[in-house]
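Reading the structure
Spelled out from the first residue to the last, the chains are:
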There are 2 protein chains.
Amino acid sequence: MDAAIFNTQPVSADGPIADYLSDLHFRISRLGGGNVASYIPELAKADPNLCGIAIATTDGKIYAVGDADHAFTIQSVSKPFVYGYALARYGRETVLQRVGVEPTGEAFNSIVLDDKHNRPFNPMVNAGAIAVAETIRGKSDDERVANMLDLFSRLAGRQLDIDEAVFRSERDTGHRNRAIAYMMLNTGMIRRPPEEILDIYFRQCAVKVTCVDLAVMGATLANKGINPLTGQRALPEEYIPDILTVMNSCGMYNYAGQWSYEVGIPAKSGVAGSIMAAIPGQIGIAVFSPPIDEHGNSVRGVAACREIAHDFGLHVFKTSVSTSTVIRRELDGASVRSKRLRSPVERQILDEHGARNRIVEVQGPLYFGSAERLIRRARELAAEGAQVVLDLRRVPSIDETAAKLLARLIDAGEAGPPAILLAYLPPDGPLARLRAELEAGETDLSGAIFATRDEALEWCENLIIAQQGRSPDMTRFSLSGIAIFRNLSAEDLKRLEAAARPLMFEAGATIIREGDAARVFFAIARGTVAVQLAGATEGGRPIRVAMMGPGLTFGEMALFDGGKRSADVVALERVVCYGFAIETLHEIGREHPHILTTIYANVVRDFSERLRRANDEIRALEY
Amino acid sequence: MDAAIFNTQPVSADGPIADYLSDLHFRISRLGGGNVASYIPELAKADPNLCGIAIATTDGKIYAVGDADHAFTIQSVSKPFVYGYALARYGRETVLQRVGVEPTGEAFNSIVLDDKHNRPFNPMVNAGAIAVAETIRGKSDDERVANMLDLFSRLAGRQLDIDEAVFRSERDTGHRNRAIAYMMLNTGMIRRPPEEILDIYFRQCAVKVTCVDLAVMGATLANKGINPLTGQRALPEEYIPDILTVMNSCGMYNYAGQWSYEVGIPAKSGVAGSIMAAIPGQIGIAVFSPPIDEHGNSVRGVAACREIAHDFGLHVFKTSVSTSTVIRRELDGASVRSKRLRSPVERQILDEHGARNRIVEVQGPLYFGSAERLIRRARELAAEGAQVVLDLRRVPSIDETAAKLLARLIDAGEAGPPAILLAYLPPDGPLARLRAELEAGETDLSGAIFATRDEALEWCENLIIAQQGRSPDMTRFSLSGIAIFRNLSAEDLKRLEAAARPLMFEAGATIIREGDAARVFFAIARGTVAVQLAGATEGGRPIRVAMMGPGLTFGEMALFDGGKRSADVVALERVVCYGFAIETLHEIGREHPHILTTIYANVVRDFSERLRRANDEIRALEY
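Keep in mind the model is a prediction, meaning the values are calculated, not measured. (Residues numbered from 1 in each chain as written. Chains lettered and ligands numbered in written order. Predicted model: local features only at pLDDT ≥ 70, side-chain atom pairs only at ≥ 80, totals over all residues. Heavy atoms only, no water.)

Concerning the overall build of chain A
Quick reminder of the rule: Helix numbers and strand numbers start at the N terminus; a helix is a DSSP run of H or I with at least 4 residues, a strand a run of E with at least 2. Our radius of gyration is a C-alpha quantity, and the globule rule it is checked against amounts to 2.2 Å times the number of residues to the power 0.38. The Shrake-Rupley method, run with a 1.4 Å probe sphere, supplies the accessible areas, and residue values consider only the shown protein chains as cover.
Summing up its helical and strand segments, chain A has 20 helices and 21 strands in all. Scaling as 2.2 N^0.38, a compact globule of 623 residues should have a C-alpha radius of gyration of about 25 Å, whereas chain A reaches 35 Å, well beyond that. Dimensions of chain A, computed from C-alpha atoms along their principal axes, come out at roughly 110 × 50 × 45 Å. Carbon and sulfur atoms provide 49% of the accessible area of chain A, an area that totals close to 23,900 Å².

Section: the environment of Ile 285 of chain B
Residues and elements named next belong to chain B. Definition in use: It only takes one pair of heavy atoms within 4.5 Å for two residues to be counted as in contact.
Of note, Ile 285 is situated in strand β8 (residues 283-288). It is 9.0 Å that separates the C-alpha atoms of Ile 285 and Ile 308, two residues lying 23 residues apart in sequence. Beyond its immediate stretch of four places on either side in the chain, Ile 285 contacts Ala 54, Ile 55, Ala 215, Ile 265, Ile 275, Met 276, Ala 277, Ile 279, Ile 308 and Leu 314.

Thoughts on the interface of chain B and chain A
Selection rule: By buried area we mean how much accessible surface two parts lose on assembly, using a 1.4 Å probe and totalling the loss over both. For salt bridges, the criterion is a side-chain nitrogen of Lys or Arg within 4 Å of an Asp or Glu carboxyl oxygen. In protein, a polar contact means a hydrogen-donor-capable atom and an acceptor-capable atom, both N or O and within 3.5 Å, with residues adjacent in sequence counting only if both atoms are side-chain atoms; elsewhere, any N or O pair within 3.5 Å suffices. For this classification, the nonpolar set comprises Ala, Val, Leu, Ile, Met, Phe, Trp, Tyr, Cys and Pro, the charged set comprises Asp, Glu, Lys and Arg, and every other residue, Gly included, is treated as polar.
Taken together, the contact pairs 100 residues of chain B with 100 residues of chain A. Summed over both sides, the interface of chain B with chain A buries roughly 9,000 Å², with 62% coming from carbon and sulfur. Counting across the chain B and chain A interface gives four salt bridges. At the boundary of chain B and chain A, one finds 24 residue pairs in polar contact (both at pLDDT 80 or more). Among the elements that make up the side of chain B that touches chain A, the one with the highest residue count is helix α20 (residues 593-622) of chain B (18 residues). Classifying every residue of the side of chain B that touches chain A gives 45 nonpolar, 24 polar and 31 charged.

Regarding the packing of aromatic side chains
Put simply, the rule reads: For Phe, Tyr and Trp, rings pair up if their centres lie within 6.5 Å, where Trp contributes its six-membered ring, and each pair is then called stacked (planes under 30 degrees apart), edge-to-face (over 60) or tilted (otherwise). Type-normalised accessible area, obtained with a 1.4 Å probe on protein chains alone, sets the label of each residue: buried when under 20%, exposed when over 50%, and partly exposed for intermediate values.
By the definition in use, this model includes 21 aromatic pairs over all chains. Centre to centre, the rings of Phe 368 of chain A and Phe 312 of chain B are 4.0 Å apart; their planes meet at 10°, and the pair counts as stacked. In this pair, Phe 368 of chain A is assigned in helix α13 (residues 368-383) and Phe 312 of chain B in the loop between α11 (299-311) and β9 (327-332), connecting two distinct chains. Exposure class is identical for Phe 368 of chain A and Phe 312 of chain B. Each is buried. Arranged with centres 5.3 Å apart and planes meeting at 80°, the rings of Phe 485 of chain B and Phe 580 of chain B form a pair that is edge-to-face. Residue Phe 485 of chain B is found in the loop between α16 (453-467) and α17 (490-497), and its partner Phe 580 of chain B is found in strand β22 (residues 575-581); the two are separated by 95 residues along the sequence. By the burial criterion, Phe 485 of chain B is buried, and Phe 580 of chain B matches it.

Things to note about unusual backbone geometry
Excluding glycine, a negative phi dihedral is what most residues carry, and trans is how most peptide bonds are arranged. Residues and elements named next belong to chain B. Even without being glycine, Gln 75 reaches a positive phi, approximately 50°. Mapped onto the elements of the fold, Gln 75 is located in the loop between β4 (72-73) and α2 (79-98). The residue Asn 487 is not glycine, and still its phi comes out positive at about 65°. Note on placement: Asn 487 falls in the loop between α16 and α17. Relative accessible area serves as the criterion here: at 64%, Asn 487 is assigned to the exposed category.

Quick look at the UniProt feature "binding site: substrate" (unreviewed entry) in chain A
All names here are of chain A. Where we set the bar: UniProt positions are given in the numbering used here, feature names are shortened, and annotations may be inferred rather than shown by experiment.
As recorded in UniProt, the sites labelled "binding site: substrate" (unreviewed entry) are Ser 76, Asn 126, Glu 170, Asn 177, Tyr 201, Tyr 253 and Val 271. Tracing the backbone shows Ser 76 in the loop between β4 (72-73) and α2 (79-98). For Ser 76, a relative accessible area of 6% translates into the label buried. Beyond its immediate chain neighbours, meaning those up to four positions away, Ser 76 contacts Tyr 253, Lys 268, Ser 269 and Gly 270. Note that Asn 177 resides in helix α6 (residues 175-187). Residue classification places Asn 177 among the buried positions, given a relative accessible area of 10%.

Here we look at the domain arrangement of chain A
In many analyses, interface size is given as the accessible surface area lost on bringing the parts together. Residues and elements named next belong to chain A. What counts, and what does not: Each domain's extent was defined by an automatic or database domain assignment.
Each assigned domain of chain A is listed here: domain 1 (11-311), domain 2 (323-467) and domain 3 (479-622). Residue-level contacts link 17 residues of domain 2 with 17 residues of domain 3. At the boundary of domain 2 with domain 3, total buried surface from both sides reaches about 1,500 Å², with 48% on carbon and sulfur atoms. For the domain 2 face of the interface with domain 3, the top three residues by lost area are Lys 339, Arg 340 and Leu 341, together amounting to 39%. Between domain 2 and domain 3 we count zero salt bridges in total. The interface formed by domain 2 and domain 3 includes one residue pair in polar contact (both at pLDDT 80 or more). Breaking the side of domain 2 that touches domain 3 down by element, the ones donating at least two residues are β9 (327-332), α12 (344-353) and α16 (453-467). The residue inventory of the side of domain 2 that touches domain 3, partitioned by class, reads five nonpolar, one polar and 11 charged.

Quick word on the relation of the copies chain B and chain A
Which entries qualify depends on this criterion: Residues reaching a pLDDT of at least 70 in both copies supply the C-alpha atoms on which the copies are superposed by least squares.
By a simple turn and slide, chain B fits onto chain A: the slide is 0.0 Å along the axis, the RMSD is 0.3 Å, and the turn is 180°. The transformation relating the two chain copies, once decomposed into turn and shift, fits a two-fold axis.

Some details on the side chain of Ser 78 of chain B
Its location among the elements puts Ser 78 of chain B in the loop between β4 and α2. Polar side-chain contacts of Ser 78 of chain B include one of 2.7 Å to the backbone oxygen of Gln 75 of chain B.

As for the side chain of Thr 598 of chain A
One can find Thr 598 of chain A in helix α20 (residues 593-622). Setting aside anything within four residues of it in sequence, one finds Thr 598 of chain A in contact with Arg 486, Asn 487 and Leu 488 of chain A.

Some thoughts on the sheet that holds β22 of chain B
Residue and element names in this part refer to chain B. Selection rule: Only when DSSP finds a minimum of two bridges between them are two strands counted as paired. Throughout, an axis means a line fitted to C-alpha atoms (over the contacting stretch in the case of helices), and angles, computed between N-to-C directions, take values from 0 to 180 degrees.
Taken together, the four strands give an open sheet; going across it, the order is β15-β22-β17-β20, and neighbouring strands pair in antiparallel fashion. Each end of this open sheet is capped by a strand with a single partner; those strands are β15 (500-505) and β20 (553-554). Relative to the sheet, helix α19 (residues 582-591) contacts β17 (520-526) and β22, its axis offset from that of β22 by approximately 50°.

Some points on helix α7 (residues 194-205) of chain B
Residues and elements named next belong to chain B. To be explicit about the condition: A helix's residues, less one, multiplied by 1.5 Å, set its expected span.
With 12 residues, α7 extends 16 Å from end C-alpha to end C-alpha; this agrees with the ideal 16 Å at 1.5 Å per step. Across the 12 residues of α7, 10 count as buried, placing the element largely inside the fold. Pro 194, Ile 197, Leu 198, Asp 199, Ile 200, Tyr 201, Phe 202, Arg 203, Gln 204 and Cys 205 are the residues of α7 that are buried. Looking at the buried positions of α7, the neighbouring elements they touch are β4, α2, α3 (126-133), α4 (141-156), α5 (164-173) and α6 (175-187).

As structure tokens, this is what we get:
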């Protein structure tokens, strides 16, 4: 046999999983029992002491031990992949007419056909695999071989080729398979000349692989058909469950029932002594050791898979799925506020009524079970009168079912402002499917979909303030209403008025620019400004630190530093405000020191309150 | 038949899932085909138009539509549960000697035994179920019936009873089952008198249930054996995968292969026209409609299950498992700091070297695939020289595999300070298993396990500061080193020194109490204090807002407010500090106003910096 062509992916040498595999290999490689397959003369030459184990993860990490780089022929482990190829090419219905999906108690080389449909029982017995091999595209032997090798090379993530000696040996001695093929020609299950089909079938069985290759091929199945090393799709996602199902029910020949009971992972064995298994979403496993048992399964392979499945808790029905974690946490709008700084009156309204706003942080994949639980909770909260913001930022994926259910939830909204709002729903990204479902519906989505949680929350806050009969920017402006001028006498305020310059900015104008010298501070009379970090963006939008409306001030640090501005302040709409020159204030202060110390104290109180609120928010967010 | 005893659990009338089921029911209930079972005379009386569908979630929510509250006899749907009972009572090995786990192409009432072991092929055919029924404990018929009913009542979450008419009808006409039982007595597969075993078997088949009951029983399997309505365990978790495996491979008689291919969920049908299915971690499903097909499966039941499985994406191999979300995010210790406020020198060290500290926020259940990914990343970071804090607060569960792997990761630490630290590992709670594994190991766990992330982070920060040759509390005290006295002349400082009173507090002493009048502020010379919210605790510990050491001040708000203290400040060790009486300071200020305005400006700068840092942290945490 050729020297092994080792997969170039880095292989881990230590760590708890590599250690585990070393221990396992040490024990397994000493197991006796079984015999090297002898019905193909070339296979009989295999060294019975060879033993390799490899695991590949769905993100392309490989763990390998022992003779994991030794090349051997794939044999029957090829069957599920060519079955997937057939499904991809002709669809489920057509393929089902030729090959069933029922397990059989018969051996792998059984010649019995299903007497109701005259078709092989399933694609994992030779008869079924031969029928399936007919579907490999190509006008000539060479074309078919090229297409077949292309399939396996994509699956393994490297160029594979055929062991010509084994191929010839199988072809020259495969009389039973010949008998099977002719019988199927007789019943119409195959249509092209048997020798032509057997040629590609024998070659398919003689593809040379290593344990690492098979582990990657298993990981490709586990990864919904995408090879985790190359990122290339090898088989359509749609048919992966079909492939795994027949592996699970028929992959280990007439040991399949016992296997799915004891080991419980979809697997396929080959007579050269290999077993490949796929754990959906997690890993591919491959074991290679030539001695096989009475069922045709590698003795050490069965033992190793049984231990790995047990020790790693991989049985398909030993699930870790739990819908209980879909709601990461719920926050109420009294303790978590939007970044819009509010006037004292507005603050009071939100202190009283803000708890009506509920943020539900969703986490993890959305599928039927998790979506059901989420929808149920959202409806419960809405029924209690809450305005519910579903924060979907931590949802890495959503399946069709969950997208449809959530879309129906939003669509079902009554007239009036929506009670359930979705945040973080960019047109692309992991939730594109949900957005498409929503846009296909009839509901007006304004007020129901937001780019960020903060925007959704601000919308909810504005609604509450409006419902309490206060429009956010109706406060009448006067210096006495400005927070940092609290505790000053009417006389003091008159002195300050002399220092104030009325200013107007159009929407979009930058009022303060980061890095500029700080010589003025501002009090807002009308409109809204945003404090933004210069240059920093999130999802293409500037990052907003705060938003402020009438009665609030910005740029107060100028009073102390005389230094540089630390952020941009931008007008979000037409803004009327008063600018106070620091120098003039300091002049007033020299004459009336108590004015300055009162202002300082007010600023510190404001900062202190904002700091306390920020600490509250940190505590709420940290959980 | 008796009037239905409806489950008292609230049943949902609307919402997207209830709507879906109504639509489905409308279509399915109009499907023709099939015949009501006639081999038991009493069953032949069933109304073929009945049609009910129910779904129960693993947290006990029930969706039901149509005749979901109509009572019927459970028939073969009882088989998987009694099989589970047998496993629980005698263990896997003993039960396997009497009944195999291989699917068979034969019909449900097949009399064929596995010729290698002389045992029934599996517990879902009558022969296997009769052999299993022998295991029901009891010295008399009455005791056995009571035990059997107890099992089913636990599974359904309400007291069930037997339909005596159906029982008598089955007993009087069940000659084929009698033949099967005597044949098994002949081969030694059963040992007690066949009539005794058949008596309990026929009664088991005649237990009266509704669709809602069966959905709850399915949800109990989906919920690892715990009834989601009552919270009571009905079957041991250990054997749930066994039960689901035989349901999956043999539950739909000789339609099983096609079923697991097309529908792909573990299910069991009964000849009264019911099908029960269990989706691990998610739901139980039940459909009831009497007409059955040639295989003995409810025609409308098969159709409904096929649609539900497809529309809800429930095929067992259509997994939503993804290991890619196990790491919620990584934070670096330069932007996220512990709550210990640092001196300027320490701050500078952490600005420079703090990024060596890495917080890895872990989310979702830990099982092999997710643990592997997490461990890999942790080792990668450690290899780059990082101090890695694994924040496990968002891990709702950990299986044995993941606990062992993580314990090995911590155990494998080299000599010297551990590079990988675990935070949030209380002795009980969801991670108790991991803690037990760790404590069983040989490694000294101090410095490796922390109650909170903040404590772990502080430990890492202290290590970095120590490595830079600065012990956290070695700063020599002088007024000039105090941040809020910056920019004051030596002369000014001398004036302040006269106002300072040296004070000492023992560990645990409360220095400032929330609500007290604020008349003094403090500068720390030695030791550490914590700012705590009075009365508020989290996990039995007071909530800490900040921690402070030498050179830092607390209680400065007294300068402005003359109001009340807003939090407790407690000495964490012996603390030496200087108290400054506000009145004295104000006296100094009247003579030297610049001293007070400089201090005010310094305080505002400090607050401003802390606010900026808090906003940074909020931004980091919000993602």
